[in-house]
Structure formats: structure tokens, C-alpha cells
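# Observations on chain architecture
Letter by letter, the chains look like this.
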Amino acid sequence: MPEQTEIRTTERAAPPPPAPPATSDAAVIRDALGVGVAVGLSGFAFGMTSAGVGLSLLQTCALSLLVFTGASQFALVGALAAGGNPLTAAAGAFFLGARNAFYGLRLSAVLGYRSTVKPFAAHWVIDETSAVTLAQPDRRTARLGFTVTGLTLYVLWNLTTLVGALGAEALGDTEAWGLDAAGPAVFLALLAPMLKDTVERVAAGLAVVLVMVTLPLLPTGVPVLISALAAPAVLVVQGRRERAKEAGTAQEPGAVPAGPADPPARPDGPRESRTATEEDRA
């Protein structure tokens, strides 16, 4: 009995698992503003590119106000600049922007907004707001990060789109400024620390390879969709390797198959035998 009491006391005294580290509001706002400003400046490149392919100022600003998915907007004007059909260019931009629907499914559970707020919040569901939101440890900071990032990026993106469209001739070539690379660079910087295990790194590397291989061969926007196949492909291979490992462990030489256990000996058996022997000798 004393031993059992000591074991129970030890189990109850075990410390609880450590809580996730809290993130201050100032740190969340700082990161959200950094992402919003860095990516928002890419609106210059979009405004200049859009004006360069022949879209009017109203059309350029309407794309940023109503579409607000930088990659899809660049895909649209890039296809038009290459001489593509407007319907084909719009279809490619649409399918590229469809990935935001999957972000929305995840963010809906994280943010927990009411049904009246969700339609307005959905307009800000893009790569950058998703990355900042999912990096937060709780719902309150997730909402803060989503709101600050979305508001900063939306306002700055539309302002720089307007300025870029108005001053396309004065600024010159967008590639010389490198503004078109600001958005992907920031998103890559946010994504890289989240790749913590080998499976995630392999999936990301395979996605990059798929994009690089298919980019010269397929229409704009399609390589990005094909790169999404990297995740299920890596998961399938990982599942097969785990099943093969489990099967190999079960068939290792020397492993004794589980069988029926021997019946336990009666505790009083040896004592009775000893007593009977003593009586016979007597």
C-alpha cells in the first residue's frame, strides 16, 4: 500500500505541458505592417505593367480594388502583354486566384468571424494575410494580424497602383526597379521558417522544381496549380514508406508471435505442496 500511494502522488505532481509562448500585440502589428508595406509597394509594378499593355487608368485601378490578388493580376496583364487572348488570360488569372478559396477554409476556423463579417473579410484572404494569420498562437492575435496586414496591404496596393499607372513613363522599366519581385520575396521569407520537418521541405522543393520545369511550357498560372500536386505526392510516398517500415518490423527474425499466455500459477500451490510433504514425513 505505501508504494501505491507514492506512485499516485508522483503522477498527480507531474507538471502540466508548457503553454505556447505569447505574442505581444506590438510584435504582431510590427510584422503585419512590414509585410503590408513591402508587398504593397509592388503595386507600382502592376500599375506600370497594366498601363503598358494598354489598359486604361480606370481598368487598372478596378483590378486592384475588386480583384486584389497580386499574382492573378500580374498573370492577367502578363498574358495580355504576351499577346494572349483576353478570355484565356482571364481564365488563367481566375484559376490562379482559386487557391485563395482553400486559404479561406482554413482561416474561417482560425478567425471565427460571424457570418455577417465573412464576406468582407474574404476579400482580404490572400497569400500574405494567410501567412501572417496562421503564424499567430491564438485567435485574438490572429485577428489582429489579419486585420492589420489586410488593411495596410489593401490601401497601399491600391495607392501604388494608381501612382504606377499615372507615372508609367516616368519610372521606366519595372524589371530595373525589381518591384515585381518584392511580393514573392516577402512571402518566401514568411514561408521558410514554417518548414520545420523533412516532409515539408521536400514538398516545397518539389513544388519549386515543378514550377521551373513547367513554366516555359505551359500558360501563365498553370505551373503554380501543378506545383500544388507536390504536397499529395510527397504524402503518398511517405505513407508507403511508413507502411513498409511497419511491415518490415513485424517480420524481423527472432520476433516471437503473440500467443495465448500461460495460466498463472496459484499463489497457494507451492505452500500446499510443502505442507503435504511435511505431513507425509511426520
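Here's a quick rundown of the structure. Given the structure is predicted, the values throughout are model-derived calculations rather than measurements.

### Considerations on the packing of helix 3 (residues 43-52) against helix 5 (residues 70-81)
Running from amino to carboxyl end, helix 3 crosses helix 5 at an angle of 25°, the nearest separation of the two axes being 9 Å. Taken together, the axes of helix 3 and helix 5 lie roughly parallel to each other. As for how helix 3 packs across helix 5, the hand of that crossing is left-handed. Contacts between helix 3 and helix 5 pair A45, F46, T49 and S50 from the former with Q73, F74 and V77 from the latter. Of the residues contributing to the contact of helix 3 with helix 5, the split by class is four nonpolar, three polar and no charged.

### Considering the side chain of N158
Here N158 shows up in helix 10 (residues 139-166). Relative accessible area serves as the criterion here: at 14%, N158 is assigned to the buried category. The contact partners of N158, leaving out residues within four places of it in the chain, are C61, S64 and L65.

### Considerations on unusual backbone geometry
The residue F68 is not glycine, and still its phi comes out positive at about 50°. Note that F68 resides in the loop between helix 4 (57-67) and helix 5. Using a relative accessible area of 3% as the deciding quantity, one classes F68 as buried.

### Some thoughts on the packing of aromatic side chains
This structure, assessed with the given rule, holds seven aromatic pairs. Each residue in the set F46, F74 and W157 is aromatic and connected to the rest through ring pairs, giving one cluster.

### Quick look at the nonpolar core
One broad trend across soluble globular proteins is that nonpolar side chains are buried collectively. F68, L111 and F146 are the most contacted members of the largest nonpolar core, which has 27 residues in total. Put simply, the parts of the chain that give this core at least two residues each are helix 2 (25-40), helix 5, helix 6 (86-97), helix 7 (99-111) and helix 10. Ignoring any residue separated from it by four or fewer positions in sequence, one finds F146 in contact with L107, L111, Y113, A121, W124, V125, T129 and T133.

### Some thoughts on a nonpolar patch on the surface
On the surface, L57, L162, V163 and L166 cluster together to form a nonpolar patch covering roughly 340 Å² of accessible area. The element contributing the most residues to the nonpolar patch is helix 10, with three residues. Tracing the backbone shows L57 in helix 4. For L57, a relative accessible area of 37% translates into the label partly exposed.

### Digging into the pattern of salt bridges
Applying the stated criterion across every chain yields a total of three salt bridges. One salt bridge in this structure joins D25 and R140, with 2.7 Å as the shortest N-O distance. In this pair, D25 sits in helix 2 while R140 sits in helix 10, placing the two residues 115 residues apart along the sequence. Relative accessible area serves as the criterion here: at 34%, D25 is assigned to the partly exposed category. Here R99 makes a salt bridge to D127, at a shortest N to O gap of 2.8 Å. Residue R99 is located in helix 7, and its partner D127 is located in helix 9 (residues 127-134); the two are separated by 28 residues in the primary sequence.

Scoring rules and cut-offs
- Per chain, the residues get numbers from 1 upward, laid out in the order the sequence is written.
- A pLDDT threshold of at least 70 governs which residues receive local features in this predicted model, and a stricter bar of 80 or more applies before side-chain atom pairs are shown or counted, although totals over entire chains, interfaces and linings include all residues.
- With hydrogens and water stripped out, all remaining heavy atoms of the structure feed into the side-chain values.
- Axis lines are fitted to C-alpha atoms, over the contacting stretch for helices. Their N-to-C directions set the angle, which ranges from 0 to 180 degrees.
- Under the DSSP-based scheme used, a helix requires at least four consecutive residues in state H or I and a strand at least two consecutive residues in state E, with every element numbered from the N terminus.
- The labels follow the angle: roughly parallel below 35 degrees, roughly antiparallel above 145, roughly perpendicular from 65 to 115, and oblique for the rest.
- Each crossing is labelled by how the near helix is turned from the far one, with a counterclockwise turn of less than a right angle marking it left-handed and a clockwise turn marking it right-handed.
- Throughout, a contact is declared for two residues whenever any of their heavy atoms are within 4.5 Å.
- Three residue categories are used. Nonpolar comprises Ala, Val, Leu, Ile, Met, Phe, Trp, Tyr, Cys and Pro, charged comprises Asp, Glu, Lys and Arg, and polar comprises the others, including Gly.
- Buried means the residue's accessible area, taken with a 1.4 Å probe over protein chains only, is under 20% of the maximum for its type, while exposed means over 50%, and partly exposed covers the values in between.
- Between rings of Phe, Tyr and Trp, where Trp is taken as its six-membered ring, a pair exists when centres lie within 6.5 Å; planes separated by under 30 degrees are stacked, by over 60 edge-to-face, and by other angles tilted.
- Working definition of a nonpolar core: buried Ala, Val, Leu, Ile, Met, Phe, Trp, Tyr and Cys residues. They are joined through side-chain atoms within 4.5 Å.
- Like-charged residues are merged into a patch within 9 Å and nonpolar side chains (Val, Leu, Ile, Met, Phe, Trp, Tyr) within 5 Å, provided each residue has over 30% relative accessible area and no salt bridge.
- Accessible areas in this description were obtained via Shrake-Rupley with a 1.4 Å probe; residue shielding takes into account the shown protein chains only.
- Any carboxyl oxygen of Asp or Glu that lies within 4 Å of a side-chain nitrogen of Lys or Arg is treated as forming a salt bridge with it.

Function-wise, these values are silent; they only describe arrangement.
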